[in-house]
Structure formats: C-alpha cells, structure tokens
Amino acid sequence: MNIGFLASHGGSNMQAIIDACKSGQLKATPAVVISNNGDSTTLARAKTEGIPRYYMSGKTHPGPGELDQAILDAFLRHSVDIVVLAGYMKKLGPKTLSRFQGKILNIHPALLPKFGGEGMYGMNVHKAVIAAGERESGVTIHLVDEQYDTGAIIAQARVPVMPDDTPETLAARVLEQEHLLYPETLQRIVIGELHLPS
Ligand code: GRF
C-alpha cells in the first residue's frame, strides 16, 4: 500500500506512520509528501527520510482547479493507493476527492461528531472540550469528504480529561494516542481487517 501524505505543519503523525513503516509494524510505503507550506517541518522530515516531496499551494498553482490537478497528478505519478491527511489545513479539490473517494483519511484530535467542523483545529478543539466540561476526549480517524470532519468514522481512541488539564496538557495526551492509532488503523486496512468503501 503506497501512502500519499498531505500535511501543513509539524507532521508528527506523518513521522509516526513513516516510523511504523520502517519498523515493519505497518506494511506500507510512504510514497510522496505534499505540503501547502514551503517552510513546514513536514517537508524537512520528508527530505530527511528520502521521500519525494512537493510544495504545492494557491501560490504555486493559482489558477482554478490547478492545485487540485497538480495534487492528483503527483499522487497518480507516485502510484498512491491511500491518501493520509496529517494536519492538512486545506480542503481538497473535487478531482482528487473523486479519484480517491473512500481512500482519503484524516485524523482529528477529538471524539467526532463532537468538536468538529470549521474553526475546530489545533488548540481550539482542546479549549472547547475543556470549556464544555467533558470528562473524556480522544482521537478520530475518518474518511474525507467535501466538508470538514463529516466523513464516515473508521476508528476512535479515548483519553480522560483531567480536572487540572490545560488545552496544552490535553493536546499532548491526545497526540500520544494519535501516533498509535494512525499506524494501527492503516495496518488494519492493509491486512483487510478494516474495509474502506470502494
Ligand atoms: C493533529 O492534532 C491532528 O489531529 C490534527 O492536526 C494535528 C497535526 O499534528 N488534524 P502533526 O502535524 O501531525 O504533528
């Protein structure tokens, strides 16, 4: 299974998946990394790992549909089987969505359908969870569609919210689970334990 990554910032989830591929825990190949942020740690990580990498954004591909086509072409050129969003802050275009329908995953740092949607990213999510007085939070891996955080849920992990949690301490506890759940879920797909709709 060839993985195509889309990531905007740190790429720690991408790194966890790459590490699982290297250790053999995940029988897959990181095939290509695309970032909309030319200075991202994600692209630096891809360089270190020797994975083909591209900076593609509204700046490099300004015309309508141009960016969508470039992303799709890169995935096809690198024989991508599954697209993994790891902290990707942009919506995907219709061509990529339709060609890889049912084969695009995202990870969200809360228990969807709660605490998702537009504006619910980064610390905003953890602040909202704490403000709502939730006793637990967690991680959701879901399929990607045209909206934010609305696609079918395929895996979740739970973590407790402690009474003295700050958004930062909660985020760290959630991220630790993200790094376990993403590679584990991908491996369940590889061995056919989890079926993605075709
Ligand atoms: C993670 O918390 C993930 O749930 C969200 O964006 C963050 C990305 O972190 N979608 P990283 O770039 O993988 O470190």
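Please read all numbers here as calculations on a predicted model, not as lab measurements.

Scoring rules and cut-offs
- Residues numbered from 1 in each chain as written.
- Predicted model: local features only at pLDDT ≥ 70, side-chain atom pairs only at ≥ 80, totals over all residues.
- Heavy atoms only, no water.
- Helix = DSSP H or I, 4+ residues; strand = E, 2+ residues; numbered from the N terminus.
- Polar contact = N/O pair within 3.5 Å; in protein donor to acceptor, adjacent residues only side chain to side chain.
- Contact = heavy atoms within 4.5 Å.
- 1 Å grid on protein atoms, 1.4 Å probe; cavity = no way out; pocket = protein on both sides within 12 Å on 5 of 7 lines; lining within 4 Å.
- Points joined across faces, edges and corners; volume = space filled by probe spheres on them.
- Nonpolar A, V, L, I, M, F, W, Y, C, P; charged D, E, K, R; others polar.
- Buried < 20%, exposed > 50% of the residue type's maximum accessible area, 1.4 Å probe, protein only.
- Pairing = 2+ DSSP bridges.
- Right-handed = clockwise from strand over helix to strand, strands pointing away.

### Some thoughts on the side chain of Ser57
Secondary-structure assignment places Ser57 in the loop between strand S3 (53–55) and helix H3 (66–77). Reaching out from Ser57, the side chain makes a polar contact with the side chain of Tyr55 at a distance of 3.2 Å. Not counting residues up to four positions away in its chain, the partners in contact with Ser57 are Asn36 and Leu67.

### A word on the layout of surface pockets
For the largest pocket, the calculated volume is near 890 Å³. Along its surface, the largest pocket is lined by 41 residues, and Gly87, Tyr88, Met89, Tyr121 and Gly122 are the ones closest to its centre. If you list the elements that add at least two residues to the lining of the largest pocket, you get helix H1 (12–23), strand S5 (104–108), helix H5 (123–131), strand S6 (136–143) and helix H6 (167–190). Among the residues forming the lining of the largest pocket, the class breakdown is 17 nonpolar, 16 polar and eight charged. In this structure, the second largest pocket spans a volume of roughly 150 Å³. The wall of the second largest pocket is formed by 13 residues, among which Leu97, Gln101, Val144, Asp145 and Glu146 lie closest to the centre. Residue contributions to the lining of the second largest pocket peak at three residues, all from helix H4 (residues 94–99).

### Concerning the pairing of strand S1 (residues 2–6)
The element S1 is largely enclosed, with a buried count of four among its five residues. Where S1 and strand S2 (residues 29–35) come together, five bridges link them in parallel fashion. Of the residues in S2, the one forming a bridge with Ile3 is Pro30. In this fold, S1 hands off to H1, which returns the chain to S2; that crossover is right-handed. Of the pairings in the sheet, the one linking S1 to strand S4 (residues 82–85) comprises four bridges and is parallel in character.

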